[in-house]
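Examination of the molecular architecture
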Amino acid sequence: MYIVTAKEMYDIDQFSMDRVEMDGSMLMENAGREIAQRVSSMINFEQALCILVGSGNNGGDGFVIARTLLNMGYKVTVLQVVEDKKIVGHAAYHKRLYLKCDGILKQLNEINDVQEELNKEDVIVDAMIGIGVKGDLREPLYSLVNQINRLDNLVLSVDIPSGLPTDEGVADFTAVQADHTFVIGAIKQTAFIQHTAPSYGKWECSSIGFPQAAFKQLEMERKVWTKAAFQRTFPERSEYDHKGDHGKGLVIGGSSNMPGALGLTTRAALRSGAGLVTAATTDSVIKRIASFCPEATFVTVPEINGHLKYGNDIDYKGFDAVAIGIGLGREAASRPVIRHAAAAKIPLIIDGDGLTHLKADLEVLDEREEPVILTPHPGEMAMLLDLSVKDVLMRPFHYAKKFATDHGVYVVLKGAFTVITDPNGKQAVNTTGNAGLAKGGSGDVLTGIILAMIMQKQSIFEGLCNACFVHGKSADLLIQESHSQHDLLASDVIEGLSLVYRTF
Ligand SMILES: NC(=O)C1=CN([C@@H]2O[C@H](COP(=O)(O)OP(=O)(O)OC[C@H]3O[C@@H](n4cnc5c(N)ncnc54)[C@H](O)[C@@H]3O)[C@@H](O)[C@H]2O)[C@@H](O)CC1
Ligand SMILES: [K+]
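Note that the structure is a prediction, hence the values are computed from the model and not measured. (Residues numbered from 1 in each chain as written. Chains lettered and ligands numbered in written order. Predicted model: local features only at pLDDT ≥ 70, side-chain atom pairs only at ≥ 80, totals over all residues.)

Feature annotation in UniProt assigns "binding site: K(+)" (unreviewed entry) to the following positions: N58, D126 and S162. With the annotated positions falling across 105 residues, the maximum pairwise C-alpha distance of 9.2 Å places them together in a single cluster. Locating N58 in the fold gives a position in helix 3 (residues 57–72). If near-sequence neighbours (up to four positions away) are discounted, N58 is found in contact with A127, M128, I129, G130, G132, V158 and D159. Within the fold, D126 resides in strand 5 (residues 123–127). In this structure, D126 is in contact with L52, V155, L156, S157, V158, P161, S162, V176 and A178, ignoring residues within four places of it in sequence. (UniProt positions renumbered as here; feature names shortened; annotations may be inferred. Helix = DSSP H or I, 4+ residues; strand = E, 2+ residues; numbered from the N terminus. Contact = placed C-beta atoms within 7 Å.)

Below you can see the structure in the form of structure tokens.
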């Protein structure tokens, strides 16, 4: 499923109409009918429905929904929120059809008490503005949206909640708070931004006949990583495989006050399918984590004040990939460890404190030819880019892509919606996981899963997407079956991996 900006959606639309010669009013009919079907499955014939219709094509969709539901036998009223002369083009055509089917239409400016009028309705369908919104809502829509948001009625938005921007990067907005949004054609970027996503309520996306070629002509691919994508790309195991076929991974990190992190990464890598995992860390960390990951092997790294020192004697030969930085601490003496790892000719994952050291040494990225994967949370992404966390949270797609393409690396920008970006700017969003993952250790587990995944027979990008999928899915299944968001621990997520593998 594609994730689009407003411009990309209009490009898809234009391509379908100009190049494939699809008729605009037919697309509108498809959209309206599809949504009407879905609305009808959520309501009953006793309920009163009010369809709020605006001036653009979003309003046009509203007229099709109104006519379809009316003809199915529902109690429908259209409340037109703009003057007649503003309804033009395909929307005007569908308005005519609705009226010729004896549809009831009221004008917003002719209603004395809007609140009272809305109170009479059980269900509000919001087809006032779609992706064509420009700037802050103007009156009378601004007040109307605030009134809708105070109601208890079921509110269903068409394509996008009216007033909400399609693209990331907007700090303040007034928009309909939908219970459910019926997205048309492709899901919009703001469905994955922390402060705008809640406006959508639950959402589902319907296909209305846009041709695949219309999506393919987009400059860059940005998709939701779905269960189907996971199942299509996740590598199958053969009966004849042996441990060497599933990769030999190295994890480097740990320090006296953060020994557990490396243990979580090591165990997660083993549990998610790595053939062999070696942890390179200080003697005291090895002593503390060895019993937690008995299947791992260990390499002792010299230490200074409980932290790894230099790291120039770590031997990378024979390993298929390395993950570094987990629980490493920010001691200056540990910085060269990153530089040495960057010289190893195998895929490199840099996580946690490793990212802080990397920031002081960014040019090591330019010298590498093998894949580099960075796994920042928004705070670390902000640090790498000299931005505020707020900036990153507002434009995660833009900033992750900027860093990935500027430095030729993969970026896994962690969050409620983790954004995975490849060095060319291709992006995917993982939607599994829940608030139970917002805890210490959860990132360390993800790094271990990533290490295991990128050593299997799948592309690095698919491996990263599948790692995030599996990590979130483990947390989701645990919460369904035996845990709650409150008590879920990172170590539970490792044990939950077997649930994921068995379920899928
Ligand atoms: N072929 C197509 O073009 C299709 C379009 N579709 C629908 O069309 C929508 C996009 O249609 P449009 O481009 O006509 O735009 P919209 O219908 O989203 O909105 C444009 C209208 O909103 C008003 N408006 C914009 N900003 C405002 C603000 N800040 N305050 C108050 N009013 C404001 C403008 O006056 C304009 O008339 C999509 O979201 C989707 O619902 C679907 O029907 C599928 C096919
Ligand atoms: K809308």
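A word on the sheet that holds strand 12 (residues 276–281). Strand order across the open sheet formed by 10 strands is 10-21-20-19-18-17-16-11-12-13, with mixed pairing between neighbours. The open sheet terminates on both sides in strands that have one partner only, identified here as strand 10 (222–225) and strand 13 (297–300). Each neighbouring strand pair of the sheet contributes to a mean axis angle of 20 degrees, computed without reference to strand direction. In this sheet, strand 20 (residues 418–421) lies alongside strand 19 (residues 410–413) in antiparallel orientation, the contact comprising 3 bridges. The residue of strand 20 that forms the bridge with V411 is T421. Against the sheet, helix 11 (residues 335–343) touches strand 11 (248–253), strand 16 (321–326) and strand 17 (348–350), its axis set at about 165 degrees to strand 16. Along the sheet face, helix 17 (residues 442–454) touches strand 11, strand 16, strand 17 and strand 18 (372–374) and points at about 170 degrees away from the line of strand 16. (Pairing = 2+ DSSP bridges. Axes fitted to C-alpha atoms, helices over the stretch in contact; angles between N-to-C directions.)

Let us now look at the UniProt feature "domain: YjeF N-terminal" (unreviewed entry) in the chain. According to UniProt, the positions carrying the feature "domain: YjeF N-terminal" (unreviewed entry) are residues 9–216. End C-alpha atoms of residues 9–216 are separated by 12 Å, and the span's content is 37% helix alongside 18% strand.

Before going further, it helps to spend a moment on helix 16 (residues 396–407). The end-to-end C-alpha distance of helix 16, which contains 12 residues, comes to 17 Å, matching closely the 16 Å that a straight helix rising 1.5 Å per residue would cover. Of all the positions in helix 16, only P396, F397, Y399, A400, K401, F403 and A404 are classed as buried. Turning to helix 16, the residues buried within the fold contact strand 10, helix 14 (378–385), helix 15 (389–394), strand 19, strand 20 and strand 21 (427–430). A positive backbone phi angle near 65 degrees is found at G408, which sits one or two residues after helix 16. (Expected span 1.5 Å × (residues − 1). Buried ≥ 20, exposed ≤ 12 C-beta atoms within 10 Å, placed from the backbone.)

With respect to spatial proximity, 28 residues lie near ligand 1, and among them G56, N57, N58, G130 and G132 are the closest. For the shell around ligand 1, the secondary structure elements donating two or more residues are helix 2 (24–40) and helix 3. Counted by class, the shell around ligand 1 contains 11 nonpolar, 11 polar and 6 charged residues. (Near = placed C-beta within 6 Å. Nonpolar A, V, L, I, M, F, W, Y, C, P; charged D, E, K, R; others polar.)

Close contact between helix 9 (residues 259–271) and helix 17 brings their axes to 7 Å; oriented N to C, the two are set at 35 degrees. Read as a crossing pair, helix 9 and helix 17 show a hand that is right-handed. Note on element contacts: helix 17 touches helix 9 through D444, V445, T447, G448, I449, L451 and A452, opposite A261, L264, T265, T266, R267, A268 and A269. A breakdown of the residues in the contact of helix 9 with helix 17 according to their chemical character gives 8 nonpolar, 4 polar and 2 charged. (Left-handed = near helix turned anticlockwise from the far one by under 90°.)

So, on to unusual backbone geometry. In this chain, E139 is followed by P140 through a cis amide linkage whose omega measures 5 degrees. In this structure, E21 is a non-glycine residue whose phi angle is positive, near 60 degrees. For E21, the location among the structural elements is in the loop between helix 1 (6–19) and helix 2. For E21, a count of 7 C-beta atoms within 10 Å translates into the label exposed. Positive phi, normally seen in glycine, also occurs at D102, with a value near 65 degrees. Looking at the secondary structure, you find D102 in the loop between helix 4 (89–100) and strand 4 (104–107).

Here we come to the sheet that holds strand 5. Taken together, the 7 strands give an open sheet; going across it, the order is 4-3-2-5-6-7-9, and neighbouring strands pair in parallel fashion. The two strands at the open ends of the sheet, each matched to only one other strand, are strand 4 and strand 9 (202–206). Looking at each pair of strands side by side, their axes are set apart by 20 degrees on average, direction ignored. With 6 bridges connecting them, strand 2 (residues 48–53) and strand 3 (residues 75–80) associate as parallel partners. When the bridges of strand 3 are listed, L52 appears paired with L79.

This next bit is on the domain arrangement of the chain. Taken domain by domain, the chain consists of domain 1 (3–219) and domain 2 (229–233 + 241–503). Centre-to-centre separation of domain 1 and domain 2, based on C-alpha positions: 41 Å. Its residues assigned to classes, the side of domain 1 that touches domain 2 comprises 4 nonpolar, 3 polar and 1 charged. (Domains from an automatic or database assignment.)

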